[in-house]
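One-letter residues, chain by chain:
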Amino acid sequence: MPLTAGQEVKPIAVTANGWKPTSVGKSAVASSAVAAGYLDPEMVQRKVKAALNKMTPEKFDRIADQILLIASQSKDESDGRTLRQVIQLTFEKATDESHWASMYAKFCKRMLETMSPEVRDERIKDKNGNIVSGGNLFRKYLLNRCQEDFERGWSVNLPEPPKEEEKKDDADAKKNGEAELMSDEYYQAAAAKRRGLGLVQFIGELYKLGMLTERIMHECVHKLVDYKGIPDEAEVESLCKLLRTIGANLDETEKGRPMMDAYFARIQTMIDLPELPSRIKFLLMDIVDLRKAGWRGKTSGLAPPKTLDEIRAEAEAAQAAKAQEAARGNQRGGGRPPVGRGDARTFSAGYNQQTSNQVGMDDLRRLKTSINRTASQNVTLGPTSMFSSRSNSGRRMGPGGSLGRGDDSGMSSRAGTPPTRENSNTFSLLANMDSENPASPPSAAASPALSKAVPDSDKKESE
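Residues numbered from 1 in each chain as written. Predicted model: local features only at pLDDT ≥ 70, side-chain atom pairs only at ≥ 80, totals over all residues. Heavy atoms only, no water.

Side note on the overall build of the protein
Just so we agree on the cut-off: Each helix is a run of DSSP H or I of at least 4 residues and each strand a run of E of at least 2, with the numbering of both proceeding from the N terminus. Under the scheme applied here, a residue whose accessible area is under 20% of the maximum for its type counts as buried, over 50% as exposed, and between as partly exposed, the area being computed with a 1.4 Å probe on protein chains only. For this analysis, residues touch if any pair of their heavy atoms sits within 4.5 Å. Using a 1.4 Å probe, the Shrake-Rupley method yields the accessible areas, and only the shown protein chains count as cover for residues.
For the protein, the count of helices and strands is 17 helices and four strands. Within the protein, the fraction of its 463 residues that count as buried is 28%. Long-range contacts, defined as pairs at least 24 residues apart, comprise 65% of the intrachain contacts of the protein with a sequence gap of at least 6. Approximately 30,900 Å² of the protein is accessible, and the part contributed by carbon and sulfur atoms is 52%.

Structural notes on the side chain of E77
Inclusion rule: Here a polar contact is recorded for every N or O atom pair within 3.5 Å, except that within protein the pair must consist of a potential hydrogen donor and a potential acceptor, and residues adjacent in sequence are included only if both atoms are side-chain atoms.
Position of E77 relative to the elements: it lies in the loop between helix 3 (60-71) and helix 4 (81-96). Here the side chain of E77 touches T82 through a polar contact of 2.7 Å, side chain to side chain. Every residue in contact with E77, bar those within four places of it in the chain, is listed here: T82 and R120.

Points about the packing of aromatic side chains
The geometry of an aromatic ring pair is captured by the separation of the ring centres together with the interplanar angle, meaning the angle of the planes. Here is the rule: Here the aromatic set is Phe, Tyr and Trp, taking the six-membered ring for Trp, and pairing holds for ring centres within 6.5 Å; pairs whose planes are under 30 degrees apart are stacked, those over 60 apart are edge-to-face, and all others are tilted. For a Lys NZ or an Arg CZ to count as sitting over a ring, it must be within 6 Å of the ring centre and within 35 degrees of the ring normal.
Inspection of the entire model under this criterion finds three aromatic pairs. Measuring from ring centre to ring centre gives 5.4 Å for Y186 and Y187, while their planes differ by 80°; the resulting arrangement is edge-to-face. Plain terms: the ring middles of F264 and W295 are 6.2 Å apart, the flat faces sit at 65° to each other, and that makes the pair edge-to-face. Of the two residues, F264 sits in helix 11 (residues 256-271) while W295 sits in the loop between helix 12 (278-292) and helix 13 (308-331), which places them 31 residues apart along the sequence. Neither residue differs from the other here; F264 and W295 are each classed as buried. We note K106 situated over the ring of F60; from NZ or CZ to the ring centre the distance is 4.8 Å. Over the face of the ring belonging to F150 we find K223, whose NZ or CZ atom lies 5.6 Å from the ring centre.

Some points on the confidence of the model for the protein
As a reminder of what qualifies: Confidence of the predictor at the level of single residues is captured by pLDDT, which takes values from 0 to 100.
Here the protein shows a mean pLDDT of 74. Residues at 70 or above account for 61%. Confidence drops under a pLDDT of 50 for residues 400-417, and excluding neighbours within four residues, the segment shows 31 contacts in the predicted structure. In the model, residues 459-463 has pLDDT below 50 throughout and makes one contact with residues more than four positions away in sequence or in other chains.

Points about the environment of E235
Relative to the helices and strands, E235 is located in helix 10 (residues 233-252). Here E235 falls in the partly exposed class, since its relative accessible area comes to 27%. As for E235 and W154, which are separated by 81 residues in sequence, their C-alpha atoms are 8.9 Å apart.

Some thoughts on a positive patch on the surface
The cut-off we apply is this: Exposure above 30% relative accessible area and the lack of any salt bridge qualify a residue for a patch; like charges then connect within 9 Å, and the nonpolar side chains Val, Leu, Ile, Met, Phe, Trp and Tyr within 5 Å. Counted as salt bridges are all cases of a side-chain nitrogen of Lys or Arg within 4 Å of a carboxyl oxygen of Asp or Glu. By the counting rule applied here, Lys and Arg register as positive and Asp and Glu as negative, while His and the ends of each chain are not counted. By convention, charge coordinates are those of NZ in Lys, CZ in Arg, CG in Asp, or CD in Glu.
On the surface, R46, K47, K54, K59 and R62 cluster together into a positively charged patch. Among the elements that make up the positive patch, the one with the highest residue count is helix 2 (residues 41-54) (three residues). Mapping R62 onto the fold places it in helix 3.

A look at the packing of helix 5 (residues 101-114) against helix 8 (residues 184-208)
What counts, and what does not: Fitted lines through C-alpha atoms give the axes, limited to the stretch in contact for helices. The angle between two N-to-C directions lies from 0 to 180 degrees. Throughout this description, any angle smaller than 35 degrees is read as roughly parallel, any larger than 145 degrees as roughly antiparallel, any in the 65 to 115 degree range as roughly perpendicular, and the remainder as oblique. Handedness of a crossing follows from how the near helix is turned relative to the far one, being left-handed for an anticlockwise turn of less than a right angle and right-handed for a clockwise one.
At a minimum axis distance of 9 Å, the contact between helix 5 and helix 8 shows a crossing angle of 50°. Between helix 5 and helix 8, the crossing angle belongs to the class labelled oblique. Read as a crossing pair, helix 5 and helix 8 show a hand that is right-handed. Note on element contacts: helix 8 touches helix 5 through Q201, F202, E205 and L206, opposite A101, S102, Y104, A105 and C108.

Considering the state of the cysteines
Defined as follows: Only a pair of cysteine sulfur atoms within 2.5 Å qualifies as a disulfide here.
Across all of its chains, the model carries zero disulfides by this definition. No disulfide involves C220; its sulfur sits 9.3 Å from that of C146, the nearest cysteine. For C220, a relative accessible area of 9% corresponds to the buried category.

A short note on unusual backbone geometry
A negative phi angle is the norm for most residues apart from glycine, just as the trans form is the norm for most peptide bonds. Residues other than glycine seldom take positive phi values, yet W295 does so here, at roughly 60°. Residue W295 is classed as buried on the basis of its relative accessible area, which comes to 12%.

Notes on the pattern of salt bridges
It is possible for side chains bearing opposite charge to pair when their charged atoms get close. Within this structure, the stated rule accounts for 21 salt bridges. Close ionic contact of D96 with R194 constitutes a salt bridge, the shortest N to O distance being 3.1 Å. Placement of D96 in helix 4 and of R194 in helix 8 is noted, with a sequence separation of 98 residues between them. Judged by relative accessible area, D96 falls into the partly exposed class, the value being 26%. Two residues, E237 and K193, come together in a salt bridge whose shortest N-O distance is 3.1 Å. One end of the pair, E237, is in helix 10; the other, K193, is in helix 8, with 44 residues separating them in the sequence. Given a relative accessible area of 29%, K193 falls into the partly exposed group.

If you want it as structure tokens, here you go:
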């Protein structure tokens, strides 16, 4: 019995976006282009994306040549379609991965310099009516894309605020413990912010390579510092990112220095706004401090990507400098060993131990002198009548302030009081320490026996 018995079986519906083999569904024009050695837009998309993903400082020349070879097929196109596609993919990659913005800007510089004059777009003409081609066409494509995205801003790509019903659902979800970070809106906002700040840094890197003029940079900065009321947080963050990237370059020119002073006066006005959020205020304060420090410091921006050879050379140089410093310390006879908090108790050799022992013995000698002086004064405790009635008990203060009994202390009226054992306390250890061995710690000294006080009556009988 078939499994579909009693069920209505419908034929498979063919959709417009269903999968098809690459050899099926191609037009005659596309097939002829592939036969002539040209790539269709889908294949260009795949190959250029894969090449950009593999691009590193070590493989830069080889990967750049591969992409330029693909873009060169625009020589046989009247609209520069392949070149525009390559620029779009490079632009998206540079803005999404801002850490590699300098490398992608360098790649754009390579394309500008090596672009064939045969690449042209018949729809774009200059002021004189001539068709733009070659490097000028590439520059126009790239600058138009940067200008459009910069003027639009990355805040427009943020997700729309939820409606009233969705707000209720979000409130219920928060009550149930669902984290806001897991929402799709959060990741969309994070991606929009990442690409927006990456665009600003990419524009700055293009300016450093001479692909953008100083006038364009001043227009960008002026747009970001011009605000009404409370400045937008997105524009302030873009301003800080742009100044970190090109602030030092603008300060070096004669024209840029006075304009930078005007920009930072405007920034100080932003900082003084009481309604400005603390996070944005601290970002602006960091930029002001960075300029005062000559654009040098940890917050001056991320270092450009380095090759493996450069990383190895830096590691070897650091290791050699460390070895040289160690050898220099040995030639001087060695300095004071590095000691941190708590190391003085465990470090047993060198300068620290001798210093601590010397200070300790001085204290012990003073303590011993005071103890001997106290013992010689024959100090008694309690009322005088209590000791005078028991003259035979011979209780006197012994060394170290301990009470000692005479020889006949066992015949005392307190028969239940046990005789004093010969033990030692802290003061007796300190008083009888061997002064001939000052290097030994106080706890290593042997416990001295307690001396017994002899009554005056016994002394007279012995005489």
